[in-house]
Amino acid sequence: MEPILQISDLTRTFNKKLKALDSVSLNVGSNEMVALVGPSGSGKSTLLRHIAGLVTSDQGSSRIRALGLDVQQSGKLSKNIRSIRSDIGFIFQQFNIVGRLTVLDNVLIGSLGRSPSWRGTLGRYHKSDKYAALSALERVGMFEYAHQRASTLSGGQQQRVAIARTLVQKPSIILADEPIASLDPESARCVMELLESIHKDDGKTVIVSLHQVDYAIKYCYRIIALKAGRLFHDGSTLDIDAKVFSDIYGARQETIFKATNSFAHGNADINLNKAVSTATL
Amino acid sequence: MEQHFEAALKQNDSRKSLTQTLSWGIVIGVLFWSWNGAEMNPLALFTDADNMLEFAEGFFPPNFHHWELYLKEMVITIQIAVWGTALAVVFSIPLGIMSSENLVPWWVYQPTRRLMDALRAINEMVFAMLFVVAVGLGPFAGVLALFVHTTGVLAKLFSEAVEAIEPGPVEGVRSTGASALQEIIYGVIPQVLPLWISYSLYRFESNVRSATVVGMVGAGGIGVILWENIRGFYFGETCAVMIIIVVTVSLLDMLSQRIRKMVI
């Protein structure tokens, strides 16, 4: 079976010199949950934004295919990019919801890509879309806030609204670009559990970029590491070793890794939390 | 260590004083340059003081004998401003978006902006004179004059608001597979709406003021009466009309300020 996501020889140069992505090639199968790690500036965001067709690569042999369709090739977006985008959910670090709209209106935006364009443009959403939006809000625990203005919510709540918007989109692939980087630990855990549930219960492919190694190990099965725009490591979470992390981040992360990995995929949650708190110190 | 700081402060001060001297020099230079052209003659205020006093006395007491006519024409003046502003707002939405460099390519925003510059450069009075010729004497010429000029102003203000938006929410809408028009409706407009409403109210206020003068060239409203009274040396009546204008404009300014506070 064709992988759900195929990236081949993806290169993106900024300012004619700086290679944000340097011939990255990788495949992701359906129903995978992948962590994308790497230091700041290693190209994680740029990679995810290319997959969603929000930016274009350099000209040349760069190519991205998702769900058997071209997203972009040689620096040109596919002609039906909008329908492809509606099948790829994107969760942003800064949430990117519209502050002056209500929570419900924000979530309904998720149905724009699938609705007939006159409905979305005039705001005449179908009843089934409204139900879908409310049930998504219920799932992320934000139902009671449906009629509140989005800007009045806390960061963690805004991110849950953003996830509800993505749920309404009913995408097959979900990309999350450092979704927990600006959240407090409790909200971060809540968001990661939602992503895990979207992966496990709905069977979606999830790719999440993270700074926290411990979260990557706890929630994901596969870790892809980027360093200076190049694919640095790609493998299962189970057989990853401390050396990989010290090579990516420098030596300091090694101890965190040791503390965390011994509890990975176990149910020693209390111990894990302890390890998390050491990690954040 | 302290020497090091002193040197840094000194450098900062000398740079500041140089720019200050230069800018004052430019300001004073421009004022001198404009003196003769503007035929500045402050002495006339004193030598002709008696004349002016006599002239001013003619305004009092104000003559409100025809107050019903004045009020009726004042209402027409407001109605001219309402329609002039409303048409301008409707046209400024697409034109403002077409002038925003963060939404459209340069070959769209450059020509649109130049067209808006032209509409702005020509005063309402000039447009009023032209439209009086085109559609005849009366308030409709005034409406068209305000509409055209205000479109030039509002499209520029609207586009400045659009250029200051956060790109994040727009990208959020884009990532759901929305069309370009939907990106604007759901990502851009909610962000700029309070500013757009505020600018539109400002323009309405200033259009009420402008509507009082377009009448002087025959484009309807209280300006017609004002002009007839001034030409006929009926200064008592002129004063009454001016009082009505001042009161109406002040009331409308207060009202629109209220509304502005509500939307922001």
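Residues numbered from 1 in each chain as written. Chains lettered and ligands numbered in written order. Predicted model: local features only at pLDDT ≥ 70, side-chain atom pairs only at ≥ 80, totals over all residues. Heavy atoms only, no water.

Some points on the overall build of chain B
For step 1, the next point in the chain: Helices and strands together make up the secondary structure of chain B, namely eleven helices and zero strands.
For step 2, the next point in the chain: Start at the N end of chain B and walk to the C end: the helices and strands fall as α-α-α-α-α-α-α-α-α-α-α.
For step 3, the next point in the chain: Relative to the compact-globule value of 18 Å for 264 residues, chain B shows a C-alpha radius of gyration of 25 Å, a clear excess of over 25%.
For step 4, the next point in the chain: Projected onto its principal axes, the C-alpha coordinates of chain B cover approximately 70 × 60 × 35 Å.
For step 5, the next point in the chain: For chain B, the proportion of contacts with a sequence separation of at least 24, taken over those separated by at least 6, is 74%.
For step 6, the next point in the chain: The positive charge centre, built from 15 side chains, and the negative charge centre, built from 22, are 8 Å apart in chain B. (Helix = DSSP H or I, 4+ residues; strand = E, 2+ residues; numbered from the N terminus. Rg over C-alpha atoms; globule rule 2.2 N^0.38 Å. Contact = heavy atoms within 4.5 Å. Lys, Arg positive; Asp, Glu negative; His and termini not counted. Charge placed at Lys NZ, Arg CZ, Asp CG, Glu CD.)

Some points on the overall build of chain A
For step 1, the next point in the chain: Counting its regular elements, chain A contains eleven helices and eleven strands.
For step 2, the next point in the chain: A total of 281 residues make up chain A; the buried ones form 53% of that total.
For step 3, the next point in the chain: Of the contacts made within chain A by residues no fewer than 6 positions apart, 64% connect residues no fewer than 24 positions apart.
For step 4, the next point in the chain: For chain A, the accessible area works out to roughly 12,500 Å², and carbon and sulfur atoms hold 50% of it. (Buried < 20%, exposed > 50% of the residue type's maximum accessible area, 1.4 Å probe, protein only. Areas by Shrake-Rupley, 256 points an atom, 1.4 Å probe, with all protein chains shown as cover.)

Here we look at the packing of helix α8 (residues 167-174) of chain B against helix α9 (residues 180-214) of chain B
Residue and element names in this part refer to chain B.
For step 1, the next point in the chain: In the contact formed by α8 and α9, the axes pass within 9 Å of each other and the chain directions differ by 155°. On the basis of their axis angle, the class for α8 and α9 is roughly antiparallel. Crossing of α8 against α9: the hand is right-handed. Together, P169, V170, V173 and R174 of α8 and Q182, E183, Y186, G187, V188 and Q191 of α9 make up the contact between the two elements.
For step 2, the next point in the chain: Residues belonging to the contact of α8 with α9 are distributed by class as follows: five nonpolar, three polar and two charged. (Axes fitted to C-alpha atoms, helices over the stretch in contact; angles between N-to-C directions. Parallel < 35°, antiparallel > 145°, perpendicular 65-115°, else oblique. Left-handed = near helix turned anticlockwise from the far one by under 90°. Nonpolar A, V, L, I, M, F, W, Y, C, P; charged D, E, K, R; others polar.)

Describing the sheet that holds strand β8 (residues 173-177) of chain A
Residue and element names in this part refer to chain A.
For step 1, the next point in the chain: Ordered by their spatial adjacency, six strands build an open sheet running β7-β8-β9-β3-β10-β11, and the pairing between neighbours is mixed. The sheet terminates laterally at β7 (88-91) and β11 (230-236), the two strands that pair on one side only. Going from strand to strand, the sheet's axes swing by 15° on average, the running direction of each strand aside.
For step 2, the next point in the chain: Taken together, the four bridges between β7 and β8 define a ladder with parallel strand orientation. In the sheet register, G89 faces β8, and the bridge partner there is I174. (Pairing = 2+ DSSP bridges.)

Regarding the pattern of salt bridges
For step 1, the next point in the chain: Applying the stated rule across the entire model yields 23 salt bridges over all chains.
For step 2, the next point in the chain: Between E101 of chain B and R113 of chain B there is a salt bridge, and its shortest N-O distance comes to 3.5 Å. Taken together, the residues E101 of chain B in the loop between α4 (67-98) and α5 (106-121) and R113 of chain B in helix α5 connect sequence positions twelve residues apart.
For step 3, the next point in the chain: The exposure class of E101 of chain B is partly exposed, given its relative accessible area of 47%.
For step 4, the next point in the chain: Residue D117 of chain B is joined to R120 of chain B by a salt bridge in which the shortest nitrogen-to-oxygen separation is 2.5 Å. Placement of both D117 of chain B and R120 of chain B in helix α5 is noted, with a separation of three residues, approximately one turn of the helix.
For step 5, the next point in the chain: Given the relative accessible area of 23%, R120 of chain B is considered partly exposed.
For step 6, the next point in the chain: Among the charged side chains, a salt-bridge network with shared partners connects K19, D22 and R230 of chain A. (Salt bridge = Lys/Arg side-chain N within 4 Å of Asp/Glu carboxyl O.)

Points about the nonpolar core
All names here are of chain A.
For step 1, the next point in the chain: By size, the foremost hydrophobic cluster in this structure holds 57 residues, and its most contacted members are V107, L137, I163, I180, L195, L210 and I223.
For step 2, the next point in the chain: When near neighbours in sequence (up to four residues on either side) are disregarded, L137 contacts V103, L104, V107, M142, F143, A146 and A164.
For step 3, the next point in the chain: Within the second largest apolar cluster, 28 residues are counted, among which are L26, A66, I81 and L175. (Core = buried A, V, L, I, M, F, W, Y, C linked by side-chain atoms within 4.5 Å.)

Some points on a negative patch on the surface
All names here are of chain B.
For step 1, the next point in the chain: A cluster of like negative charges, contributed by D48, D50, E54 and E57, occupies part of the molecular surface.
For step 2, the next point in the chain: Mapping E57 onto the fold places it in helix α3 (residues 49-57).
For step 3, the next point in the chain: For E57, a relative accessible area of 53% translates into the label exposed. (Patch = residues over 30% accessible without salt bridge, like charges linked within 9 Å, V, L, I, M, F, W, Y side chains within 5 Å.)

Details of a nonpolar patch on the surface
All names here are of chain B.
For step 1, the next point in the chain: A grouping of F64, W67, L71, I243, V247, L251 and M254 is seen on the molecular surface, where their side chains present a nonpolar patch of about 640 Å² in accessible area.
For step 2, the next point in the chain: Residue assignment for the nonpolar patch shows that the elements contributing at least two residues are α4 and α11 (235-263).
For step 3, the next point in the chain: Broken down by element, the residue count for the nonpolar patch peaks at four residues, all from α11.
For step 4, the next point in the chain: By the element assignment, W67 lies in helix α4.

Section: the interface of chain B and chain A
In many reports, interface size means the accessible area that the parts give up when they come together.
For step 1, the next point in the chain: Facing 21 residues of chain B, the contacting portion of chain A comprises 25 residues.
For step 2, the next point in the chain: Of the roughly 1,900 Å² buried at the junction of chain B and chain A (both faces included), carbon and sulfur atoms supply 57%.
For step 3, the next point in the chain: Considering only the side of chain B, the residues that lose the most area to chain A are S175, T176 and Y186 of chain B, jointly responsible for 33% of the buried surface there.
For step 4, the next point in the chain: For the pair chain B and chain A, the number of links is two salt bridges.
For step 5, the next point in the chain: Between E183 of chain B and R82 of chain A there is a salt bridge, with its nearest N and O atoms 3.4 Å apart.
For step 6, the next point in the chain: Our count for the chain B to chain A interface comes out at eleven residue pairs in polar contact (both at pLDDT 80 or more). (Buried area = accessible area lost by both parts, 1.4 Å probe. Polar contact = N/O pair within 3.5 Å; in protein donor to acceptor, adjacent residues only side chain to side chain.)

Topic: the pairing of strand β4 (residues 63-66) of chain A
Residue and element names in this part refer to chain A.
For step 1, the next point in the chain: Only one face of β4 is covered, namely the face carrying I64 and A66; the face carrying R63 and R65 is uncovered.
For step 2, the next point in the chain: Pairing between strand β1 (residues 5-14) and β4: four bridges, direction antiparallel. In the strand pairing of β4, Q6 is matched with R65.
For step 3, the next point in the chain: Two elements, β4 and strand β5 (residues 69-73), share four bridges in a ladder whose sense is antiparallel. Within β5, the residue paired with I64 across the bridge is Q72.
For step 4, the next point in the chain: Here β4 hands over to β5 after two residues, with L67 in that stretch at a positive phi of 55°.

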